[in-house]
Amino acid sequence: MNKAEVWVCMLIHGHPTYYLAGRQALFSVLRRSGFRIFLVTDHLYKTGMHRRKRLQVHPMGPVEQQVRARRFLAKFAALDAFLEHTDSELVMLMDADAVLVQDITAKDIRRALDGRGLGMVEQTTILGSTMSRIDFLRHYKQNSLVWLDPEAKAPPLEDYRFYNSGVVLAQRQEMERFCAWAGQMLAQRPGDHRVGEHIITDQDYFQYYANNLYPESCRELSWRWNHCEHWDTDFPRPGAYVAHFSNFCLRPGWRQLLRIRATWRQELGYT
């Protein structure tokens, strides 16, 4: 076991631009924190990274590529490997297109969780649309619940949160409980993870866990932990911890890669 108070867990695979985005995400963690990183990937060389003292690389297993949802659900296998090979007290799960834009410590994460086992940011809208929590709740009922638990009743509107799983903070024990449950669900539902046109991804699992299964375990985090131009105005806004360059399940574009690099480096005085 490799002991450290905080580890970042990251999965990098897929289109070549994910490796390039992931490279910037890894560098941002190394420069902006003292955290160790558990990287799960099928091609380390594609990230352009060499083995580093705070970087532990774990080989990624095969993914059923013809089922699109499996590319996202592979995050659970990455978390299982993370829990097996590390002994961290705190977990920071980050997508490959998210970067640290401010220095953070374990104390910041503990303060954000405030005693809860899990923490995520609510996505409140999609800028340029009329989407609101009521629309996200309808989407949750018609898709996530239909696949994960058709008999379940959604929480009332005032209690529901459309959590974005691009950044997840957790205490180890809670992540272990989540992964055990998610593994059982995957085994029980081996299909294509699709309801109509909507694919069921890791985010649906996290939302069900936090809204229906164990709502008392999850703390709604400040926008600062998952700041994204698709739901936050004035992006990039001063004060953010993490800038998330989500592309709605699509790969990062080349222009986006330049912005990812510039955003986390600018306050460090890098060119």
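Rules and cut-offs
Residues numbered from 1 in each chain as written. Predicted model: local features only at pLDDT ≥ 70, side-chain atom pairs only at ≥ 80, totals over all residues. Heavy atoms only, no water. Buried < 20%, exposed > 50% of the residue type's maximum accessible area, 1.4 Å probe, protein only. Helix = DSSP H or I, 4+ residues; strand = E, 2+ residues; numbered from the N terminus. Pairing = 2+ DSSP bridges. Right-handed = clockwise from strand over helix to strand, strands pointing away. Core = buried A, V, L, I, M, F, W, Y, C linked by side-chain atoms within 4.5 Å. Contact = heavy atoms within 4.5 Å.

Chemist: Mind showing me how you'd approach the pairing of strand E1 (residues 6–12) here?
Modeler: Working note: regular strand, side chains alternate between the two faces of the sheet. Buried residues dominate E1, accounting for 7 of its 7 residues. Judged by which residues are buried, E1 turns out to be covered on both faces: Val6, Val8, Met10 and Ile12 on one side and Trp7, Cys9 and Leu11 on the other are all buried. In this structure, E1 lies alongside strand E4 (residues 90–94), joined through 5 bridges in parallel fashion. Each residue of the ladder has a partner; that of Met10, found in E4, is Met94. Once you follow E1 into helix H1 (residues 16–32) and on to strand E2 (residues 36–41), the crossover reads as right-handed.

Chemist: Teacher, can you tell me more about the nonpolar core here?
Modeler: Within soluble globular proteins, side chains that are nonpolar tend to cluster in buried spots. Judged by nonpolar contacts, the single largest core of 50 residues is most densely connected at Phe76, Met175, Phe178, Tyr205 and Phe206. Looking at which element gives the most residues to this core, the answer is helix H3 (residues 68–85), with 10 residues. In this view, Phe206 contacts Phe76, Leu79, Leu93, Leu118, Met120, Ser165, Val168 and Phe178; residues no more than four positions away in its chain are not counted. Ranked by size, the runner-up nonpolar core spans 45 residues in total, among them Leu44, Val99, Leu221 and Ile260.

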